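Residues per chain, in single letters:
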2 protein chains.
Amino acid sequence: MRFEINKDKLLYHLIVAQKALSTKTPNPALQGMRLEVLEDHLVITTSNADISIQIKLEDQSLAIESTGSMLIPGKYFTDIIRKLDGQTVTLTQGDDSLLRIEADHSDITLNLLELDDYPNLVFTEKEQFVKINVRTFKTLIRQTAFSTSTIENRPILTGVHVKIDGNRLAAVATDSYRLSQKAIELESDYEAMQAIIPGKSLEELVKILEHNQDHVEIHFDQSRVLFKYRNILFLSRLLEGNYPETSKLIPKDFPVRIKFNKEALLTAIERASLLTTRDSHNAVVKMALRSDDTVEITSNAPEIGRVLEEVYPVDEVEGSPIRIAFSSRYFLEALKVFASSEVTISFTGEVRPFIMTGEYDEDMLQLILPVKTD
Amino acid sequence: MRFEINKDKLLYHLIVAQKALSTKTPNPALQGMRLEVLEDHLVITTSNADISIQIKLEDQSLAIESTGSMLIPGKYFTDIIRKLDGQTVTLTQGDDSLLRIEADHSDITLNLLELDDYPNLVFTEKEQFVKINVRTFKTLIRQTAFSTSTIENRPILTGVHVKIDGNRLAAVATDSYRLSQKAIELESDYEAMQAIIPGKSLEELVKILEHNQDHVEIHFDQSRVLFKYRNILFLSRLLEGNYPETSKLIPKDFPVRIKFNKEALLTAIERASLLTTRDSHNAVVKMALRSDDTVEITSNAPEIGRVLEEVYPVDEVEGSPIRIAFSSRYFLEALKVFASSEVTISFTGEVRPFIMTGEYDEDMLQLILPVKTD
């Protein structure tokens, strides 16, 4: 096996492939990247317990002298290619289990891993798949996946529930203290289906998707989902089980509605969260609508000090005075995903979930469960 | 005590003062910033076990209504000022031990610390002091302090030895495996003196010094040194004891001299250091001058692979073939502080220290002790 290729082109794809590389694994073969050199292109494959990536690399700089397959220690390989001088790199596999990397005045040898130990991964594209604008899809993930649970006591909640019906795709995530929901319109109609995709897989996927007008294809299978973006195949396992019925968690009647300037609300909550009790993950901040329609944001860390912020709603407030307490981290994470510069918060009652919506964030809703205080 | 000031002006100086703030300390008073409000200026003081900072803050935005002194929790105060909206911040101390911070629509209260617990710090300027261009001094620190020891078994080696004689200031640092030495010419003559300044203090000082044409004043005292830069006083303790005589460590005769392009050598060593044994702090790289005057850089990590780099010297090589092994970290750290684009390495023998010099790095020398290999 011997070929040469433009170094930067190779590096770009190795960095993508690295997203699925295992670093700590009982199976050392998964620390490897499988590189297949075919007649006129390369195939790079990586995999860990949750996701697998396969890249088909064609390039005009690619000059293949002989074909072959090998399993390369992935992290070392990427680090070396990144540090090379020169435009072109030549890779050669000898009869022995060594890979020789030559570029400029460098001559580097890597011990290969045992190719036979690598799992057999199947990246099957289906005949029926869902096609979505990549920017729209990336935004949908960013607006929902952060609400998945990171603790494993209810594994199903570590996933994003995706439901397709006709030309509508809806995504929901909740860790049972908050909920994020976003729906988008698809370019054509699809058969009804649903799946639960691990939040962590989606967070790796968004790092690969670019913010452009291309499309991403989603190929659903029984226990797996394959995303195809340009020359990249991204495979994730699906979570098994029934996702909870979340629609009944969302209140219908909102006696109090307040519209805020998003930036003013954000900075006020950020300041309030500076003076809360130590455990910043559960830093509690209070919000109160006064009878003069001003909103007070307060926090109190008895040993350190206290914050009082006044925020003036945009437009007239609907409803009567209310007091509510919540996790500042949940509030800030939800607020930050809005594209709208004005965000409306709708309250049902002091111990009932409240929701955030924005005029320019169509079909998106963020819900937070208040915290009980004395 | 009550005054108002431009928020950004205050923040800029709090960030400087924070460099000497204790975070983990048995004395909670040292987590405080002392703020003195005088007739027409503020004085901000911070201190930890090694360094103390005092800033005199005068500004046209400063409007003082009443004077006073207080000890403010430093980290919380800086974090709050950083996050405030609005241009101006108003600070008020009531009769109680509270500080009120008002800006825009924020009203924040911090519990003050006990001012009486704060140590009495003296920042005395001397009549005789050394005056140095700040850029020159900053470069001198950057070129020497990294070679100080970080382990405490010989405390004296954690400092930089500074010696003044006439119009010459010389600095030396060594951890006994490497040595950095740099001398500069002063603008006037001074009495002979010497001091050992903790390397860590100097590393904090360089963060405060800007890269401009101002001057820094150095006021030496028996056991302390005071640096004065603009409106900032920076006080460090000195290390006591006799600094080792380092001049005899530096070889005089160099049968082998090789001049390198700095960048080519740097990237070759960086690549070689990718494939060395685990403990990257002592990653050993070998260098050999071949009889054809090419230099080979090699490394070998038996389980992973090996690197061979060829580097072509600039100009003709003096001397005969030689092989030497060294810590790649020490080599790279030394090489990076050169301003010259060509660096000469001079060798005395395979187990003797070698030195690096550069044409445009006047009076600077970096020395490294080789590692013995089989």
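Residues numbered from 1 in each chain as written. Chains lettered and ligands numbered in written order. Predicted model: local features only at pLDDT ≥ 70, side-chain atom pairs only at ≥ 80, totals over all residues. Heavy atoms only, no water.

A word on the overall build of chain A. A count of helices and strands for chain A gives six helices and 24 strands. Each principal axis of the C-alpha distribution contributes one length, and for chain A these read about 80 × 50 × 35 Å. Across the 374 residues of chain A, 52% fall into the buried class. Partitioning the contacts of chain A with sequence separation of at least 6, the portion at a separation of at least 24 is 67%. Only carbon and sulfur atoms are counted for the fraction: they give 45% of the accessible area of chain A, which is about 17900 Å². (Helix = DSSP H or I, 4+ residues; strand = E, 2+ residues; numbered from the N terminus. Buried < 20%, exposed > 50% of the residue type's maximum accessible area, 1.4 Å probe, protein only. Contact = heavy atoms within 4.5 Å. Areas by Shrake-Rupley, 256 points an atom, 1.4 Å probe, with all protein chains shown as cover.)

In this section: the environment of Arg271(A). Its location among the elements puts Arg271(A) in helix H5 (residues 262–272). Arg271(A) gets classed as buried once you look at its relative accessible area, which sits at 3%. Put simply, Arg271(A) and Val160(A) are 111 residues apart on the chain and 31 Å apart in space, counted from C-alpha to C-alpha. Those residues in contact with Arg271(A) that sit more than four places away from it in its chain are Val307(A), Glu309(A), Lys83(B), Leu84(B), Asp85(B), Ser106(B) and Ile108(B).

What follows is about the relation of the copies chain A and chain B. Both copies of the chain are related by one operation, a rotation about an axis with a shift along it. Mapping chain A onto chain B leaves a residual RMSD of 0.0 Å; the transformation is a rotation of 180° accompanied by 0.0 Å of translation along its axis. Seen this way, the second copy is the image of the first under a two-fold rotation axis. Scanning chain A for the C-alpha nearest the rotation axis identifies Lys24(A), at a separation of 16 Å. Both copies share a contact surface, since 100% of the interface residues of chain A are interface residues in chain B too. (Least-squares fit on C-alpha atoms with pLDDT ≥ 70 in both.)

As a further point, take the side chain of Arg271(B). A polar contact is formed between the side chain of Arg271(B) and the side chain of Glu309(B), at a distance of 2.8 Å. Not counting the four nearest positions on each side in its chain, Arg271(B) is found in contact with Lys83(A), Leu84(A), Asp85(A), Ser106(A), Ile108(A), Val307(B) and Glu309(B). (Polar contact = N/O pair within 3.5 Å; in protein donor to acceptor, adjacent residues only side chain to side chain.)

Residue and element names in this part refer to chain B. At a minimum axis distance of 10 Å, the contact between helix H5 (residues 262–272) and helix H6 (residues 328–336) shows a crossing angle of 155°. Relative to H6, H5 is oriented roughly antiparallel. Crossing geometry of H5 relative to H6 is assigned as left-handed. When H5 is examined against H6, the residues Lys262, Leu265, Leu266, Ile269 and Glu270 are found in contact with a partner set consisting of Ser328, Phe331, Leu332, Leu335 and Lys336. Residue composition of the contact of H5 with H6, grouped by class: six nonpolar, one polar and three charged. (Axes fitted to C-alpha atoms, helices over the stretch in contact; angles between N-to-C directions. Parallel < 35°, antiparallel > 145°, perpendicular 65-115°, else oblique. Left-handed = near helix turned anticlockwise from the far one by under 90°. Nonpolar A, V, L, I, M, F, W, Y, C, P; charged D, E, K, R; others polar.)

Residues and elements named next belong to chain B. The seven strands lie next to each other as S11-S12-S24-S23-S22-S16-S20, forming an open sheet whose pairing is antiparallel. The outermost strands of the open sheet, each flanked by one partner alone, are strand S11 (159–174) and strand S20 (314–318). Along the sheet, successive strands turn relative to each other by an average axial angle of 20°, direction set aside. Where strand S22 (residues 342–347) meets strand S23 (residues 354–358), four bridges bridge the pair, whose relative direction is antiparallel. Each residue of the ladder has a partner; that of Thr344, found in S23, is Thr357. Contacts from helix H4 (residues 199–208) reach S11 and strand S12 (178–198), with the element oriented near 65° to S12. (Pairing = 2+ DSSP bridges.)

The next thing to look at is the confidence of the model for chain A. Per-residue confidence for chain A averages 95 on the pLDDT scale, and 98% of its residues sit at or above 70. Among the prediction metrics, the complex's ipTM stands at 0.90, with pTM recorded as 0.92. (pLDDT = per-residue confidence, 0-100.)

The next subject is empty space enclosed by the protein. All names here are of chain A. Using the criterion set out here, one finds six cavities of 30 Å³ or more in the structure. Within this model, the largest cavity holds a volume of roughly 60 Å³. Lining the largest cavity are Phe137, Leu140, Ile141, Thr144, Val160, Val162, Leu169, Ala171, Ile197, Leu202 and Ile218. Looking at side-chain class alone, the lining of the largest cavity contains 10 nonpolar, one polar and no charged residues. Of the voids in this model, the second largest cavity is the one considered here, and its volume is about 40 Å³. Each residue belonging to the lining of the second largest cavity can be placed in one class, and the counts come to two nonpolar, two polar and three charged. (1 Å grid on protein atoms, 1.4 Å probe; cavity = no way out; pocket = protein on both sides within 12 Å on 5 of 7 lines; lining within 4 Å. Points joined across faces, edges and corners; volume = space filled by probe spheres on them.)

Attention now moves to the packing of helix H3 (residues 134–144) of chain B against H4(B). Residue and element names in this part refer to chain B. Relative orientation of the contacting elements H3 and H4 amounts to 140°, with a least axis distance of 10 Å. Considering their axes alone, H3 and H4 lie oblique with respect to each other. The handedness of the crossing between H3 and H4 is left-handed. Seen from H3, the contacting residues are Phe137, Lys138 and Ile141; seen from H4, they are Leu202, Leu205 and Val206. Here the contact of H3 with H4 is built from residues that sort into five nonpolar, no polar and one charged.

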